[in-house]
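Now for the letters of each chain:
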Amino acid sequence: SITIKGAALFSGVVVLLLSIYVTADVGGRYLFNQPLPATFELAKTLMAFVVFLALAYTLARGGHLRLGFLFQRFGPRGRFCIDILSLLIGLILFAVISWQAWDWAWEAWQTKEYMEGILKIPYWPAKIGFALGVLLFSIQFAIDFIHRINKPFKISQGGQ
């Protein structure tokens, strides 16, 4: 969907901007003895966007790991059952994580929670990035689950 692609694109832009900032920090530190302020804190905050906003897109593209050697030992019916079970477990698990993440983000927003450091960097953007990422991941699990349920396994004519 457009939302999931947009989240992944935003994640990529954050990677680019973070790379530029860290490179400037390293260059400033070693060339001019003047590092940029709060590089660690900024990187820590932005990593939530980098990691979690790309999860749903990766799932939609089939990019998450699967134990192929184990999966291939099952026939079509077994693979179908494993797919359904793993999608259902993922959906439930990440729906619960998403629900809790939104509580954490809301609490950070209300309490104006900040990181300790040179600059006052608020926690709530990172927590919202995390919550949004796992929400989109949950939605993608639901979409994949519905698609998989509606596309039953096929047994080939060769008996495999």
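The written sequence of each chain sets the order in which its residues are numbered from 1. Only residues with pLDDT of at least 70 get local features here, since the model is predicted, and only at 80 or more are side-chain atom pairs given and counted; chain-wide, interface and lining totals rely on the full set of residues. As a convention, hydrogens and water are excluded, and side-chain values are obtained from all of the structure's heavy atoms.

### Quick notes on the nonpolar core
Here's step 1: Residues Phe94, Ala101, Val134, Phe137 and Phe141 are the most contacted members of the largest nonpolar core, which totals 13 residues.
Here's step 2: Broken down by secondary-structure element, the contributors of at least two residues to this core are helix H3 (55-60), helix H5 (76-111) and helix H6 (124-149).
Here's step 3: For this core, the leading source of residues is H6, giving six residues.
Here's step 4: Pairs of residues are marked as contacts when any of their non-hydrogen atoms sit within 4.5 Å. The residues contacting Ala101, other than those within four sequence positions of it, are Lys127, Phe130, Ala131 and Val134. In plain words, nonpolar cores are sets of buried Ala, Val, Leu, Ile, Met, Phe, Trp, Tyr and Cys residues tied together by side-chain atoms within 4.5 Å. Burial here depends on accessible area, computed with a 1.4 Å probe over protein chains only, as a share of the maximum for the residue type. Under 20% is buried, over 50% is exposed, and the range in between is partly exposed. Helix numbering and strand numbering both begin at the N terminus, where a helix is a DSSP run of H or I of at least 4 residues and a strand a DSSP run of E of at least 2.

### A look at the packing of helix H2 (residues 39-52) against H6
Here's step 1: Structural elements are reduced to axes, namely lines fitted to C-alpha atoms, with helices fitted over the stretch in contact, and the angle between N-to-C directions of any two is expressed from 0 to 180 degrees. Two elements in contact, H2 and H6, have axes whose closest approach is 8 Å; the angle formed by their N-to-C orientations is 10°. On the basis of the axis angle, H2 is roughly parallel to H6. Taken together, the residues of H6 that come into contact with H2 (itself represented by Thr45, Ala48, Phe49 and Phe52) are Pro125, Ala126, Gly129, Phe130, Gly133 and Val134.
Here's step 2: Polarity classes work like this: nonpolar for Ala, Val, Leu, Ile, Met, Phe, Trp, Tyr, Cys and Pro, charged for Asp, Glu, Lys and Arg, and polar for all others, with Gly in that last group. Across the contact of H2 with H6, the residue classes break down as seven nonpolar, three polar and no charged. Should an angle fall under 35 degrees it is called roughly parallel, over 145 degrees roughly antiparallel, and 65 to 115 degrees roughly perpendicular, with every other angle called oblique.

Treat this as a map of the structure, not an account of what it does.
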